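# Structural features, examined
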Amino acid sequence: MSDLPLRKKFSRSIGNGALGMLTNGCRPITLNSRITHVQHLLFLRSSPIIGSMQRSTNYRLHRATLKRSAGPKESAIGPAGLAIDGSSGSSMYRQLYDRLQSAILEGRLRAGAKLPSTRILARELAIARNTVMGAYEQLLAEGYLEGKTGSGTYVARTLPDAVLNVTAVRTAAPGKRNRAQLSRRGQALATNRLGFRYSDPPRPFRPGTPAIDHFPFDLWSRLLAKYWRREPAGLLPYTDPAGYKPLRQAIANYIAAARAVRCEAEQIIVVSGAQQALDLATRLLLDPGDEVWMEDPGYNGARAAFLAAGVKPVAVPIDGCGLDVARGEKLSSHARLAYVTPSHQYPTGVVMTLSRRLELLRWAERKHRWILEDDYDSEYRYASRPVASLQGLDKSGTVIYCGTFSKVLFPSLRLGYIVVPAGLVDSFRGAKAVVDRHCPTVEQAVLAEFIAEGHLARHIRRMRMLYLERKDALLEILRRELAGALEVHSHEAGMHVVGWLQEGKRDSVVSRRALELGVEAPALTSYRETAGGRGGLVLGYAAYSEPQLREAVRILARAIE
Ligand SMILES: Cc1ncc(COP(=O)(O)O)c(C=O)c1O
């Protein structure tokens, strides 16, 4: 067996009897002696697990007697399910929180199951007890766990995501293949927060959704029909992975005019949304184990792309000028890439100042690093003209720029673009071909015409006016109904605002209460890599009418009380 050396070593530390149990694969065993009261079941399956146990020799299994058990209410977690990776870029707190949350959502930890005490779990995972307490507290606040005074911590009987209509993945039937059989790369790919399935229509204040009911359906369907009426045989075979040429040209013209991006159409790769741009750039430019600067708080889609590729996101704080470059240099001087949303930082809304942009560009040029600029909603700027892109200031070819049509048209279109230095075009083209060959051509053709005929610019102008009205309405309602309880700084751009709660108020608790009452107001904490910081709620407004916003604020007020 490939794990033989590990098994030998492990047997020395816990004794051969226990090793016998390990060979049972998935058989649950209970740690007895001083920790029987926590009814802590471990699933020991494979060498990585033994490896992770071995890493924590202060696990002190040699002091505990391992004993079979199959109590119906016992929890099924342990190093196997949690697999905290000391070398991962994600903080211990964040990893433990994510692992526990996934175990609950996937049914590996069942409703009512008892969790080990923070002391025991900290010892087993060889991490600080405060870290475990932080993760438990967060999950308690979010409703995944419930505490019973004097008798420990349990998986909640009513899960918050049931309210969100998230369908939890059921545990595979015994003997069937499941997540534990995934490769290590597969586990990294599958463990993220993006896999939630929204089964209900957007409701206030779910962020990131445009006003879909104001989309020019007639125009779009006329264009689509026109292509299909012509029997578009030329558009149906396999085509250039980099995208439909007229669309690449239309995008290049559009971003040159609207975003001051400097590029030729040849440098555009059409992708299925910004998410694919982040994934391709990560895999093409970085190796597993590399560090990247990640805005904190920041976009979970980018974090997921990094972690899936084995890249370590280093949380760099945001101040009033944007990503703090000096702190980034201190936190990780050898990071190979910085991920930024300079036009409108997600989710805080900070616009990166010119001097900070220049500082970031100097860093990248001097140290031969990459900057990944995510320009996801820059079209919506209300007080002045849109701020020019970082890419437009770049003289040394360090910026990889990406944009999306999810916000200006609709998310399920799944079309976006990435602008890469000329020398990398063929590499991106090759990678895109492996992932999905290319994006659907008829939709690309329709979009090319939509842009070239000026419909996109007109639609954006109309939406900018609508969103400004909605933003002003929301701010006015918040001022009237929630003055003192929620502080909103002026947001001159984007499709959401951040409502800052009073110091000491937990945003995850408020967010959960709001969800139970029917309003989505994601907690700022859910975008953070590090625990702590002032609590806030991310309030999307673009997709919702004034009466909807008014009603939602009334409900939010009850959640904040
Ligand atoms: C910061 C950021 N980048 C990108 C996206 C859009 O991703 P996609 O184009 O994959 O829909 C979003 C969507 O919410 C976002 O918030």
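Numbers given for residues are sequential positions, taken from 1 along each chain in its written order. Given that this is a predicted model, residues contribute local features only at a pLDDT of at least 70 and side-chain atom pairs are listed and counted only at 80 or more, while totals for whole chains, interfaces and linings are drawn from all residues.

### Quick look at the overall build of the chain
Rules: Secondary structure elements are defined from DSSP: runs of H or I of at least 4 residues count as helices, runs of E of at least 2 residues count as strands, and each element is numbered from the N terminus. Between the buried cut of 20 or more and the exposed cut of 12 or fewer other C-beta atoms within 10 Å of a residue's own C-beta lies the partly exposed class, and all C-beta atoms are placed from the backbone. Note that contacts rest on C-beta atoms placed from the backbone: two residues are in contact if these are within 7 Å.
The secondary structure content of the chain amounts to 20 helices and 17 strands. Scored against the burial criterion, the 561 residues of the chain give a buried share of 46%. Contacts in the chain between residues at least 24 apart in sequence constitute 73% of all its contacts with a sequence separation of at least 6.

### Some points on helix α5 (residues 92–105)
Heads up, the condition is: What a helix is expected to span follows from its residue count: subtract one and scale by 1.5 Å.
Its 14 residues give α5 an end-to-end C-alpha distance of 20 Å, which sits within 8% of 20 Å, the value for a rise of 1.5 Å per residue. Counting buried positions over the 14 residues of α5 gives 13, a clear majority of the element. Note on α5: the residue one or two positions beyond its end, G107, has a positive phi of about 80°.

### Describing the sheet that holds strand β8 (residues 291–296)
Selection criterion: Strand pairing requires that DSSP identify at least two bridges connecting the strands. To obtain an axis, a line is fitted to C-alpha atoms, over the contacting stretch when the element is a helix, and the angle between two such axes runs from 0 to 180 degrees between their N-to-C directions.
Within the open sheet, the 8 strands sit side by side as β7-β14-β13-β12-β11-β8-β9-β10. Their pairing is mixed. Edge positions in the sheet fall to β7 (268–271) and β10 (322–323), since each of these pairs with one other strand and no more. Strand direction decides the pairing type here: strand β9 (residues 312–319) and β10, joined by 2 bridges, are antiparallel. Looking at β10, one finds that D319 is bridged to G322. Here helix α13 (residues 300–308) sits on the sheet and contacts β8, β9, β11 (337–340) and β12 (370–374); the angle it forms with β8, its principal contact strand, is near 160°.

### As for the site of the ligand
Quick reminder of the rule: We count a residue as near a molecule or strand when its backbone-placed C-beta atom lies within 6 Å of that partner. Each residue gets one of three labels, nonpolar for Ala, Val, Leu, Ile, Met, Phe, Trp, Tyr, Cys and Pro, charged for Asp, Glu, Lys and Arg, and polar for the others, Gly among them.
Around the ligand sit 14 residues, and of these G273, A274, Q275, T404 and S406 come closest. Here the residues of the shell around the ligand sort into 5 nonpolar, 8 polar and 1 charged.

### A word on the sheet that holds strand β17 (residues 536–540)
Pairing is antiparallel in the open sheet, where 3 strands are placed in the order β15-β16-β17. Of all the strands in the sheet, the pair left with one neighbour each is β15 (486–488) and β17. For this sheet the average axis-to-axis angle between neighbouring strands, irrespective of direction, equals 35°. Relative to the sheet, helix α18 (residues 455–482) contacts β15, β16 (496–501) and β17, its axis offset from that of β15 by approximately 145°. Seen against the sheet, helix α19 (residues 507–516) touches β16 and β17 and runs at an angle of roughly 40° to β17.

### A short note on the nonpolar core
Under the convention used in this document: For the purposes of this analysis, a nonpolar core is taken to be any set of buried Ala, Val, Leu, Ile, Met, Phe, Trp, Tyr and Cys residues that are connected through C-beta atoms within 7 Å. Boundaries of every domain are those given by an automatic assignment or by a domain database.
Grouped together as the largest cluster of nonpolar side chains are 112 residues, with contacts concentrated most on V270, V292, A338 and I418. The element best represented in this core is helix α11 (residues 245–259), accounting for 7 residues. Mapping this core onto the domain boundaries places at least three of its residues in each of domain 2 (217–457) and domain 3 (462–560). Those residues in contact with A338 that lie beyond four places of it in its chain are V292, W293, L323, G328, L360, R369 and I371. Counting residues in each nonpolar core, the second largest holds 23 residues, with L100, I104, A113 and Y144 among its members.

### Overview of the confidence of the model for the chain
Operational definition: Per residue, pLDDT captures the predictor's confidence, and it can take any value from 0 to 100.
Mean pLDDT over the chain: 83, with 80% of residues reaching 70 or higher. This model gives residues 1–80 a pLDDT under 50, and the stretch forms 128 contacts once residues within four places in sequence are excluded. Below a pLDDT of 50 lies the segment residues 163–172, which in the model reaches 21 contacts outside its immediate sequence neighbourhood of four places, other chains included.

### Comments concerning the environment of G147
Within the secondary structure layout, G147 lies in strand β5 (residues 145–148). Between the C-alpha atom of G147 and that of K114, which follows or precedes it by 33 residues, the distance is 9.7 Å. Setting aside anything within four residues of it in sequence, one finds G147 in contact with L140 and T153.

### Describing the pairing of strand β13 (residues 399–404)
Where burial is concerned, most of β13 is hidden: 6 out of the 6 residues are buried. Every second residue of β13 is oriented toward a common face, with V399, Y401 and G403 on one face and I400, C402 and T404 on the other, all of them buried. As paired strands, β12 and β13 are joined by 4 bridges and run parallel to one another. Bridging from a neighbouring strand, D374 pairs with C402 of β13. Pairing between β13 and strand β14 (residues 416–419): 4 bridges, direction antiparallel. Bridging from a neighbouring strand, Y401 pairs with V419 of β14.

### Thoughts on the packing of α18 against helix α20 (residues 546–560)
This is how it is decided: Throughout, a crossing is termed right-handed when the near helix is turned clockwise from the far one, and left-handed when it is turned anticlockwise from it by less than a right angle.
Between α18 and α20, whose axes approach to 10 Å, the crossing angle comes to 35°. Taken as a pair, α18 and α20 cross one another with a handedness that is right-handed. Between α18 and α20, the contacting residues are R470, A473, L474, I477, L478, E481 and L482 on the first element and E546, L549, R550, V553, R554, A557 and I560 on the second. Per-class residue counts for the contact of α18 with α20 are 9 nonpolar, no polar and 5 charged.

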